[in-house]
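# A structural walkthrough
Below are the chains, spelled out letter by letter.
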Amino acid sequence: MWTRFLRQEGGWQFFGFGYFVIVERSSGRFVGQVGFQELRREISPALTGTMETGWTIAPEAQGRGYASEAAHAAFGWAREHHAGRRVTAIVSPANAASIRIVEKLGMRPFAQTEYHDKPVTLFDYVL
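Here the structure is a predicted model, which is why all the values come from computation and not from measurement.

## What to know about the overall build of the chain
A tally of regular secondary structure across the chain gives three helices and six strands. Beginning at the N terminus, the succession of helices and strands in the chain can be written as α-β-β-β-α-β-α-β-β. For 127 residues, the compact-globule estimate of 2.2 N^0.38 gives 14 Å, and the C-alpha radius of gyration of the chain, at 14 Å, lies within 12% of that figure. A principal-axis box enclosing the C-alpha atoms of the chain has dimensions of 40 × 35 × 30 Å. Taken over 127 residues, the chain has a buried fraction of 43%. Sequence separation of 24 or more characterises 58% of the internal contacts of the chain that already satisfy a separation of 6 or more.

Below is the structure:
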């Protein structure tokens, strides 16, 4: 966790973007994170120079709309602070929930490829 924390803080300092914490309003408990990163993955086509979006939701909080609501808020922040930048996402074709979210965000598929020997769809959007 410490390494992940440092990596995410470094993203904010170096790139000017990173991940936001998602907190459940009614209880104040942490339910996940959403945001942007530049991991410089070894993938073709390359995503270097893009704001790769992603989210992680605690299993007990999945299916309640947290990822969708938080991703919309994160995109609003990104439009204000990084207008004109290209946002990308890597989604497994089997992950129907994430595909629905990226489509609601206005992202469109631009490539089918493999990452870690598994099929993925690459999506993009210009802020």
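## Some words on the sheet that holds strand β3 (residues 51-57)
Read from one edge of the open sheet, six strands run β1-β2-β3-β4-β6-β5, paired in mixed fashion. The open sheet terminates on both sides in strands that have one partner only, identified here as β1 (19-23) and β5 (108-115). Pairwise comparison of adjacent strand axes, ignoring direction, gives a mean angle of 25° for this sheet. Summarising the sheet, β3 and strand β4 (residues 86-91) pair through two bridges and their orientation is parallel.

## Focus: the nonpolar core
Within the largest apolar cluster, 27 residues are counted, with the highest numbers of intra-cluster contacts made by Phe36, Trp55 and Met107. Those elements that place two or more of their residues in this core are β2 (30-37), β3, α2 (66-81), β4 and α3 (96-104). At eight residues, the largest contribution of residues to this core is made by α2. Among all residues touching Phe36, those that are not within four sequence positions of it are Phe17, Gly18, Tyr19, Met51, Glu52, Thr53, Ala74, Phe75, Trp77, Ala78 and Val87.

Quick notes on the rules
Residues numbered from 1 in each chain as written. Predicted model: local features only at pLDDT ≥ 70, side-chain atom pairs only at ≥ 80, totals over all residues. Heavy atoms only, no water. Helix = DSSP H or I, 4+ residues; strand = E, 2+ residues; numbered from the N terminus. Rg over C-alpha atoms; globule rule 2.2 N^0.38 Å. Buried < 20%, exposed > 50% of the residue type's maximum accessible area, 1.4 Å probe, protein only. Contact = heavy atoms within 4.5 Å. Pairing = 2+ DSSP bridges. Axes fitted to C-alpha atoms, helices over the stretch in contact; angles between N-to-C directions. Core = buried A, V, L, I, M, F, W, Y, C linked by side-chain atoms within 4.5 Å.

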